[in-house]
Amino acid sequence: VRGIIKALTNSLPDVSAEERNERMAARFHYLSKTDKIKFRAFLRDCEDIDLNGEEITTLRTLPIFEVFNLGGKEEFSYLSANSYLPPSCAERKHLDRRFVKATSRKDVAFLEALGLITMSPVDYYGAYLCDSIAQNSIQEQS
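Presented here is a report on the structure given in the accompanying data block.

About the cut-offs
- Residues numbered from 1 in each chain as written.
- Predicted model: local features only at pLDDT ≥ 70, side-chain atom pairs only at ≥ 80, totals over all residues.
- Heavy atoms only, no water.
- Phe/Tyr/Trp six-rings, centres within 6.5 Å; stacked < 30°, edge-to-face > 60°.
- Helix = DSSP H or I, 4+ residues; strand = E, 2+ residues; numbered from the N terminus.
- Lys NZ or Arg CZ within 6 Å of the ring centre and 35° of its normal.
- Buried < 20%, exposed > 50% of the residue type's maximum accessible area, 1.4 Å probe, protein only.
- Contact = heavy atoms within 4.5 Å.
- Polar contact = N/O pair within 3.5 Å; in protein donor to acceptor, adjacent residues only side chain to side chain.
- Lys, Arg positive; Asp, Glu negative; His and termini not counted.
- Salt bridge = Lys/Arg side-chain N within 4 Å of Asp/Glu carboxyl O.
- Axes fitted to C-alpha atoms, helices over the stretch in contact; angles between N-to-C directions.
- Parallel < 35°, antiparallel > 145°, perpendicular 65-115°, else oblique.
- Nonpolar A, V, L, I, M, F, W, Y, C, P; charged D, E, K, R; others polar.

### Some points on the packing of aromatic side chains
Taken as a whole and assessed by the stated rule, the structure comprises six aromatic pairs. Each ring, one from Y84 and one from F99, has its centre 6.4 Å from the other, and the planes form 40°; the classification is tilted. Placement of Y84 in the loop between β2 (75-77) and α5 (105-113) and of F99 in the loop between β2 and α5 is noted, with a sequence separation of 15 residues between them. What links up through ring pairs into an aromatic cluster is the set Y84, F99, Y124, Y125 and Y128. Its end group placed over the ring of F68, K101 keeps NZ or CZ at 5.3 Å from the ring centre.

### Focus: helix α4 (residues 53-61)
Along α4, the positions that sit buried rather than exposed are E55, T58, L59, R60 and T61. The elements touched by buried residues of α4 are α1 (2-10), α2 (17-28), α3 (33-44) and β1 (65-67). If you check the start of α4, you find a side-chain oxygen 3.1 Å away from the backbone N of E54, and it comes from N52.

### Observations concerning the side chain of R20
Inspection of the secondary structure puts R20 in helix α2. Notably, R20 is buried but unbridged: the nearest opposite-charge side chain belongs to E54, and the N-O separation is 6.3 Å. Aside from chain neighbours lying at most four places away, what touches R20 is T9, L12, V15, T58 and T61.

### Digging into the packing of α3 against α5
Axis separation between α3 and α5 bottoms out at 10 Å; the angle between their running directions is 75°. One element, α3, and the other, α5, form an angle in the roughly perpendicular class. Facing R40, L43 and R44 of α3, the residues of α5 in contact are K106, D107 and F110. For the contact of α3 with α5, the class distribution of residues is two nonpolar, no polar and four charged.

The structure is reproduced here in structure tokens:
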């Protein structure tokens, strides 16, 4: 696995974070949803791998993470600086793409190893939800 991560890292030397995200998105654009999920599971399920900072940065740029979308459309994205796991109190229909889907404890552990945290209920209700309502980005869905 380290070899795969190293190859991905070396394929984009000396580029900005934004450019790296764009290039990785272009490289992964043609992978099917199933392939993205399988690749993420492969990386997640590797035993006894202690990731260093450069490896974590590279993995975070891969657009293989399922994110929520207010429109309900399934999307894959890289992990940005403001990506979170949703709190258990969150209604899924109110989550936008800053929230990453995790369907198992293994997913949560992998995402936490990559630096994600679960947004606290206080931040969810106090900052995220109130701000979304104020901006009218959350509407009643039938």
